[in-house]
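Residues per chain, in single letters:
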Amino acid sequence: MGVLDGRTALVTGAGRGIGAAVAEGLAAQGAAVMVSDAGVSVDGSGHDAGPAETIAAAINERGGKAFSDVTDITDFAACEDLINRAATTLGGFDIMVNAAGILR
């Protein structure tokens with residue numbers, strides 16, 4: 001049992017680096033996690049569902065509960081949809097971590 005059993009979390013930038021570590025840590029403590037990452041390169045270009053899918057699959061393989069998402073969080077309307085979708089998919093909305101970022 002983890003300290004976050006029954007809690008839900010949305011983590012942006014969760015396909016790589018710090019965001020991935022946060023998503024995995026929350027899941028290890030029992031939270032159901034929406035792993036959101038558009039899979040862009042460090043300059044913000046491109047789009048790849050692979051990073052989010054890989055982290056969500058790893059969490060699920062370890063017995064956690066995770067779902068992948070590729071929302072472009074630079075779009076405010078898309079963010080509103082993401083939050084609503086996360087709450088519906090996860091069965092609630094308890095934790096939000098924004099770890100998404102690019103280099104300019």
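Residues numbered from 1 in each chain as written. Predicted model: local features only at pLDDT ≥ 70, side-chain atom pairs only at ≥ 80, totals over all residues. Heavy atoms only, no water.

Peer 1: Go over helix H1 (residues 17-28) with me, naming the residues and quoting the values.
Peer 2: A rise of 1.5 Å per residue sets the reference length of H1, with its 12 residues, at 16 Å; its end C-alpha atoms lie 17 Å apart and thus fit the reference within 8%. Those residues of H1 that fall on the buried side of the exposure criterion are Gly 19, Ala 20, Ala 23, Leu 26 and Ala 27. End-on view of H1: buried residues confined to an arc of 130 degrees, all on one side of the axis. Among the exposed residues of H1, those oriented more than 90 degrees off its buried face are Gly 17, Ile 18 and Ala 28. (Helix = DSSP H or I, 4+ residues; strand = E, 2+ residues; numbered from the N terminus. Expected span 1.5 Å × (residues − 1). Buried < 20%, exposed > 50% of the residue type's maximum accessible area, 1.4 Å probe, protein only. Arc of directions from axis to C-beta.)

Peer 1: Run through a negative patch on the surface, naming residues and quoting values.
Peer 2: Among the surface-exposed residues, Asp 72, Asp 75, Glu 80 and Asp 81 lie close enough to one another that they form a single negatively charged patch. Relative to the elements of secondary structure, Glu 80 occurs in helix H3 (residues 76-90). (Patch = residues over 30% accessible without salt bridge, like charges linked within 9 Å, V, L, I, M, F, W, Y side chains within 5 Å. Areas by Shrake-Rupley, 256 points an atom, 1.4 Å probe, with all protein chains shown as cover. Salt bridge = Lys/Arg side-chain N within 4 Å of Asp/Glu carboxyl O. Lys, Arg positive; Asp, Glu negative; His and termini not counted. Charge placed at Lys NZ, Arg CZ, Asp CG, Glu CD.)

Peer 1: Please provide a residue-by-residue account of the side chain of Thr 12, values included.
Peer 2: By the secondary structure assignment, Thr 12 is in strand E1 (residues 8-12). There is a polar contact of 2.4 Å between the side chain of Thr 12 and the side chain of Asn 98. Not counting chain neighbours up to four residues away, the residues in contact with Thr 12 comprise Ser 36, Ile 73, Leu 82, Met 96, Val 97, Asn 98, Ala 99 and Ala 100. (Polar contact = N/O pair within 3.5 Å; in protein donor to acceptor, adjacent residues only side chain to side chain. Contact = heavy atoms within 4.5 Å.)

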